[in-house]
Every structure is written in C-alpha cells, then in structure tokens.
Amino acid sequence: QAKITVTETWLRKHRHLYDGATRHPFIRSIRDGNIDISAFKTWLGQDYIFVRAFVPFVASVLTKAYKGSDDANGDVEVILGGVAALHDEISWFKKEAFKWGVQLSSIVPQKANQEYCRFLESLISPEVEYTVAAVAFWAIETIYQESFAHCLEDDSKTPPELKETCQRWGNESFGEYCNSLRNIVDRQLEKASDDVITKAEATLLRVLEHEVDFWNMSHGRT
Ligand code: HMH
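Not measured: the values here are computed from a predicted model.

**Student:** Provide a residue-level description of the overall build of the protein chain, including the pertinent values.
**Tutor:** Broken down by element type, the protein chain carries ten helices and zero strands. Overall, the protein chain shows an N-to-C arrangement of helices and strands of α-α-α-α-α-α-α-α-α-α. Whereas a compact globule of 222 residues would reach a radius of gyration of roughly 17 Å, the protein chain reaches 17 Å, a difference of no more than 12%. Viewed in the frame of its principal axes, the protein chain has a C-alpha envelope of about 45 × 40 × 30 Å.

**Student:** Summarise the packing of aromatic side chains; cite the residues concerned and give the values.
**Tutor:** Following the criterion strictly, the structure yields 26 aromatic pairs and no others. When the ring of Phe-148 is compared with that of Trp-169, the centres are 5.3 Å apart and the planes differ by 25°; the resulting orientation is stacked. In this pair, Phe-148 sits in helix H7 (residues 130–150) while Trp-169 sits in helix H8 (residues 160–170), placing the two residues 21 residues apart along the sequence. For the pair Phe-148 and Trp-169, one class covers both residues: buried. With centroids separated by 5.9 Å and ring planes inclined at 75°, the aromatic side chains of Phe-148 and Trp-215 adopt a geometry described as edge-to-face. Here Trp-215 lies in helix H10 (residues 194–218) and Phe-148 lies in helix H7, a separation of 67 residues in the sequence. For the pair Phe-148 and Trp-215, one class covers both residues: buried. Feature note: the residues Phe-26, Phe-40, Trp-43, Tyr-48, Trp-92, Phe-93, Trp-100, Tyr-144, Phe-148, Trp-169 and Trp-215 constitute an aromatic cluster, connected by ring pairs.

**Student:** If you had to explain the pattern of salt bridges to someone new, which residues and values would you point to?
**Tutor:** Under the criterion given, the structure shown has 14 salt bridges. Ionic pairing is found between Arg-168 and Asp-88, a salt bridge with its closest N-O pair at 2.9 Å. Here Asp-88 lies in helix H5 (residues 75–100) and Arg-168 lies in helix H8, a separation of 80 residues in the sequence. With a relative accessible area of 43%, Asp-88 lands in the partly exposed category. Salt bridges linked by common partners bring Glu-8, Arg-12 and Arg-182 together as one network.

**Student:** Lay out the site of the ligand with the relevant residues and their values.
**Tutor:** The environment of the ligand is formed by Asp-47, Phe-50, Val-51, Phe-54, Glu-89, Tyr-116, Ile-140, Glu-141, Tyr-144, Trp-169, Glu-211 and Phe-214. At a separation of 2.8 Å, an oxygen atom of the ligand approaches a polar side-chain atom of Glu-141. Note that a nitrogen atom of the ligand is positioned 2.7 Å from one of the side-chain N or O atoms of Glu-211. Protein contact buries 100% of the 290 Å² of open area that the ligand shows by itself. Of all the secondary-structure elements, those providing two or more residues to the shell around the ligand are helix H4 (37–68), H7 and H10. Per-element tally for the shell around the ligand: the top contributor is H4, with four residues. Looking at the shell around the ligand, its residues break down into eight nonpolar, no polar and four charged.

**Student:** I'd love a proper account of the environment of Ile-184, names of residues and values included.
**Tutor:** With respect to the helices and strands, the residue Ile-184 is situated in helix H9 (residues 172–190). Setting aside anything within four residues of it in sequence, one finds Ile-184 in contact with Asp-75, Val-78 and Tyr-130.

**Student:** Provide a residue-level description of the nonpolar core, including the pertinent values.
**Tutor:** The biggest cluster of nonpolar side chains holds 71 residues, and the ones touching the most others in it are Ile-30, Trp-43, Phe-50, Phe-54, Phe-57, Phe-137 and Phe-148. Among the elements that line this core, the one with the most residues is H7, at 13 residues. Sequence-distant contacts of Phe-54, that is, excluding residues within four places in its chain, are made with Leu-86, Leu-120, Phe-137, Ile-140 and Glu-141.

Conventions and cut-offs
Chains are numbered independently. Their residues run from 1 in the order of the written sequence. Where local features are concerned, this predicted model is filtered to residues with pLDDT of at least 70; where side-chain atom pairs are given and counted, the filter is 80 or more; whole-chain, interface and lining totals use all residues. Derived side-chain values reflect all non-hydrogen atoms in the structure, with water molecules and hydrogen atoms excluded from consideration. Helix and strand assignments follow DSSP, with helices taken as H or I runs no shorter than four residues and strands as E runs no shorter than two, numbered in order from the N terminus. We compute the radius of gyration from the C-alpha atoms alone; for a globule the expected value is 2.2 Å times N to the 0.38, where N is the number of residues. Ring geometry is summarised as follows: Phe, Tyr and Trp rings, the Trp one being its six-membered ring, pair when their centres sit within 6.5 Å, and such pairs are stacked at plane angles under 30 degrees, edge-to-face over 60 and tilted between the two. Think of it in three bands: with a 1.4 Å probe and only protein chains considered, a residue is buried below 20% of the maximum accessible area for its type, exposed above 50%, and partly exposed in between. Each salt bridge in this description consists of a side-chain nitrogen of Lys or Arg and a carboxyl oxygen of Asp or Glu lying within 4 Å of one another. Whether a residue is near a molecule or strand depends on its heavy atoms: it is near if one of them lies within 4 Å of it. Any pair of nitrogen or oxygen atoms within 3.5 Å is treated as a polar contact; in protein, a donor-acceptor pairing is required on top of that, and neighbouring residues in sequence qualify only through side-chain atoms on both sides. Computed by Shrake-Rupley with a 1.4 Å probe, the accessible areas treat only the displayed protein chains as cover when residues are assessed. Just so you know the grouping, Ala, Val, Leu, Ile, Met, Phe, Trp, Tyr, Cys and Pro go in nonpolar, Asp, Glu, Lys and Arg go in charged, and all remaining residues, Gly too, go in polar. Residue contacts follow a heavy-atom distance rule, with two residues in contact if any of their heavy atoms lie within 4.5 Å. We call a set of buried residues a nonpolar core when its members are Ala, Val, Leu, Ile, Met, Phe, Trp, Tyr or Cys and they connect through side-chain atoms within 4.5 Å of each other.

Below you can see the structure in the form of structure tokens.
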C-alpha cells in the first residue's frame, strides 16, 4: 500500500477550503453556462496582471530549485517547462483580450489582485525556503487546473466561446505537469524540518485564501 504523502494529508485536512477555491461560484457559473460575460472579462484582465507578477515568482522557484536541491530528480526542468508555458500564456492573454475587446493597457489591479501579487513578491525572498515556495507554486497551478477541468466534464454546459480558456488549464498535459509539481513538493516535504513543514502548510492556506478572493473579485463580490 502506498504511503500517504504530506500533500494528501493536507488536502484531506483542508478539503473545505480547497473545494472553496476549486468549486467557486465563478467557476460554477462557467460550468453551468450562466456566467456573466462582464465577470469573465474582469477575470481576464486581472489574471493577465497576475500572470505578469507570477513570472518573477516562478523564476525565483527555478533559482531555488537549482541552488537548493541536488536536482537528481529534474526539478529544474519541470519548473522551466512552467516558465515556458507562461510565455505562451502571456501571448494567449493578449490575443484573448483583443477578441473580447478588453484593453489590457488600461487595467488597474484590484485590491485582491494587488494583495495576491504582494504575497507572491514576499515569496521571492531568498529567506523563503525552496520547499515553501514550491508548495505555493504547486497549489497555484493546481487550483486552476482543477477549477477549469471541472468546466470541461461531460455534463458541463460551458459556453463554447469559453471552452478554449478552460482547455488552457484544464487539459490533461497541464494536469500531468501539476502532478510533477506535486511529486517535487512531496519529495521535498519528506526530508523537510518540522519548522519548514509548518511554514509550507501555512503558505498553502494563504494561497487557497488568495485564490478564493481572486475569484470573488472577478465575480464582483468585493
Ligand atoms: C489567480 N491563479 C491565478 N491565476 C493563474 N493564472 C493561475 C493561478 C495559474 O497559473
């Protein structure tokens, strides 16, 4: 029987908050086909700003992977794949924004977004251990993967014009990438001190809260 991993323990323990982030009313409204397109446009513009701030954070995780692990397991390459995907993602946002008539140059980050970006910046600090930063990275990617995969299930009524967006994060290969991140994280946590494990769990909770606030913002609830 396979050993229960640390991430498994955490997901069980924090199931309620985790489901709150992956089954948010904003995601449900996409899945049910009754999404307000203005909410979608808000999300699109705000997420573009988020992704731009996400790039230096992911680069810092890459640096920590290079310095901090012996990297016999190829962590650097997995994370580099994430950086490459973000390059493509930024082009996609520009194209999608044009399609929906969203003017990216005039988007002002809302409060929840500012706070989330500030949180990402705090994790860039070299004081933050590789394990802690990697947990945040895994959680951030996985929440989007699970949320958007939910909108692509057979019984979903996702509007056709939003399918491509859902595919972007909900596709299978993005799912495999998230699994690779999870394996990296569990391997690190296996050899981490109690202090680092405690910090990493607190960081996961902060990510979940920020993700819920981000969806709330898009949904016009703040
Ligand atoms: C807010 N969380 C948010 N935006 C994203 N693009 C992702 C996660 C996944 O990259």
